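Below, each chain spelled out in residue letters.
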Amino acid sequence: WVPEIWEEAAPWANTRFRAVWAESTTKIFVGGDNGTIIHYNGESWVQQTTPHSGTVYDLFGISTTNVFAATSQDILRFTEGWTPMPSTSGDHRSVFLDVQVQPAQGAVVGNNGSVFVFDQLSLGFLPVSQPKEFFGNAELVGVRGGTGSPLGGRPWVVSRDGRFAFQDDIKW
């Protein structure tokens with residue numbers, strides 16, 4: 001697909017955007033610095049209200065009424081508006097860099113070598129072994145897979161320094 005015309009999404013021309021997720025050409029979310037998330041509804045770009053001013057590093061959704069944002073302060077979920085996901089302990093408060101969501105579960109990775117898996121229904125975090133033996137406290141920048149994915153239910157993670165691993169049942 002090659003667009004005929006590239007349009008700048010003013011008035012956000014000076015915002016550094018870092019993430020995009022689209023359900024279609026008329027349903028697009030874009031996120032970036034200062035908690036900025038904008039939504040294209042097929043006619044215009046609309047500024048979204050977010051609960052903080054952290055950087056949005058990744059967006060991923062199942063539909064335009066079930067979108068998740070990995071941010072420098074929290075994991076946000078959009079249903080009718082953006083709200084922080086409840087966390088079960090302070091360990092979940094780190095810089096989240098990537099998010100992957102499937103119908104049953106989602107996963108996020110962050111700057112301290114940790115992987116967090118959450119249940120889509122309860123939004124509670126699930127126990128998961130950590131890949132510390134491979135990554136230490138390396139910055140994890142990518143996650144894909146999980147329950148319901150074509151990757152057979154295994155989360156795959158990638159570190160900024162180029163290493164990757166996947167979880168096979170309970171070990172990495």
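Since the model is a prediction, treat every value here as computed from it, not as a measurement. Residue numbering note: each chain is counted from 1, following its sequence as written. Local features are withheld for residues below a pLDDT of 70 in this predicted model, meaning they are given only at 70 or higher, and side-chain atom pairs are given and counted only at 80 or more; totals for whole chains, interfaces and linings count all residues. Side-chain metrics in this entry use all non-hydrogen atoms of the structure; hydrogen atoms and water are not considered.

**Student:** Just give me the short version of the pattern of salt bridges, but keep the residues and values in it.
**Tutor:** The salt bridge definition used is simple: a Lys or Arg side-chain nitrogen within 4 Å of an Asp or Glu carboxyl oxygen. All told, the structure shown has 4 salt bridges when counted by the stated rule. Lys27 is paired through a salt bridge with Glu23; the nearest N and O atoms lie 3.8 Å apart. Judged by relative accessible area, which is 35%, Lys27 ranks as partly exposed. A salt bridge links Asp161 to Arg163, with the shortest nitrogen-to-oxygen separation between them at 2.8 Å. With a relative accessible area of 33%, Arg163 lands in the partly exposed category. Note on classification: 1.4 Å probe, protein chains only; a residue is buried when its accessible area is under 20% of the maximum for its type, exposed when over 50%, partly exposed between these limits.

**Student:** Talk me through the side chain of Thr71; I want residue IDs and the actual numbers.
**Tutor:** Topologically, Thr71 is positioned in strand β6 (residues 66-71). By relative accessible area, Thr71 is classed as buried at 0%. Within 3.5 Å is the distance limit for a polar contact, defined as a pair of N or O atoms, with the added protein rule that one can donate a hydrogen and the other accept it, and that residues adjacent in sequence qualify only through two side-chain atoms. Within the structure, the side chain of Thr71 is placed 3.0 Å from the backbone nitrogen of Gln73, a separation counted as a polar contact. Side-chain polar atoms of Thr71 contact the backbone oxygen of Asp74, separated by 2.6 Å. Note on conventions: DSSP H or I runs of at least 4 residues are helices, E runs of at least 2 residues are strands, and numbering of each starts at the N terminus.

**Student:** Which residues make up the packing of aromatic side chains, and what values go with them?
**Tutor:** Between 30 and 60 degrees the pair is tilted, below 30 it is stacked and above 60 it is edge-to-face, where a pair is any two Phe, Tyr or Trp rings, Trp via its six-membered ring, whose centres lie within 6.5 Å. Applying the stated criterion across every chain yields a total of 5 aromatic pairs. Taking 6.3 Å as the distance between ring centres and 35° as the angle between the ring planes, the aromatic pair formed by Trp21 and Phe29 counts as tilted. Phe29 carries the same exposure label as Trp21, and that label is buried. Ring geometry for Tyr40 and Trp45: centres 5.0 Å apart, planes at 45°, overall tilted. In textbook terms, an aromatic cluster arises when at least three aromatic residues are bridged by ring pairs, as seen for Trp21, Phe29, Phe78 and Trp82.

**Student:** Account for the pairing of strand β2 (residues 27-32), with residues named and values stated.
**Tutor:** Among the 6 residues in β2, 5 count as buried, and that is most of the element. The pairing criterion for strands is at least two bridges between them, as found by DSSP. Note: strand β1 (residues 17-24) against β2, 6 bridges, orientation antiparallel. What sits directly across from Phe17, in β2, is Gly32. Taken together, β1 and the strand that follows it, β2, pair antiparallel across an intervening segment of 2 residues.

**Student:** Describe the sheet that holds strand β7 (residues 75-78), naming the residues involved and giving the relevant values.
**Tutor:** The 4 strands lie next to each other as β5-β6-β7-β8, forming an open sheet whose pairing is antiparallel. Since the sheet does not close on itself, it has two edges, and those belong to β5 (56-63) and β8 (82-84), each with one partner. For this sheet, the mean angle separating the axes of adjacent strands, direction not counted, is 25°. Axis geometry follows a simple rule: fit a line to the C-alpha atoms, using only the stretch in contact for helices, then measure angles between N-to-C directions, giving values from 0 to 180 degrees.

**Student:** Residue-level account of the nonpolar core, with values.
**Tutor:** If you look at the biggest cluster of nonpolar residues, it comprises 23 residues, and the most contacted ones within it are Phe29, Leu59 and Trp82. Those elements that provide at least two residues to this core are β1, β5, β6, β7, β9 (96-101) and β11 (115-119). Here the element with the most residues in this core is β6; it accounts for 4 residues. Those residues in contact with Phe29 that sit more than four places away from it in its chain are Ala19, Val20, Trp21, Ile37, Ile38, His39, Gln48, Leu59, Thr64, Val67, Phe78 and Trp82. To form a nonpolar core, buried Ala, Val, Leu, Ile, Met, Phe, Trp, Tyr and Cys residues must be joined to one another through side-chain atoms within 4.5 Å. Counting residues in each nonpolar core, the second largest holds 11 residues, with Val115, Val143, Ala165 and Trp172 among its members. What makes two residues a contact is simply this: any of their non-hydrogen atoms within 4.5 Å.

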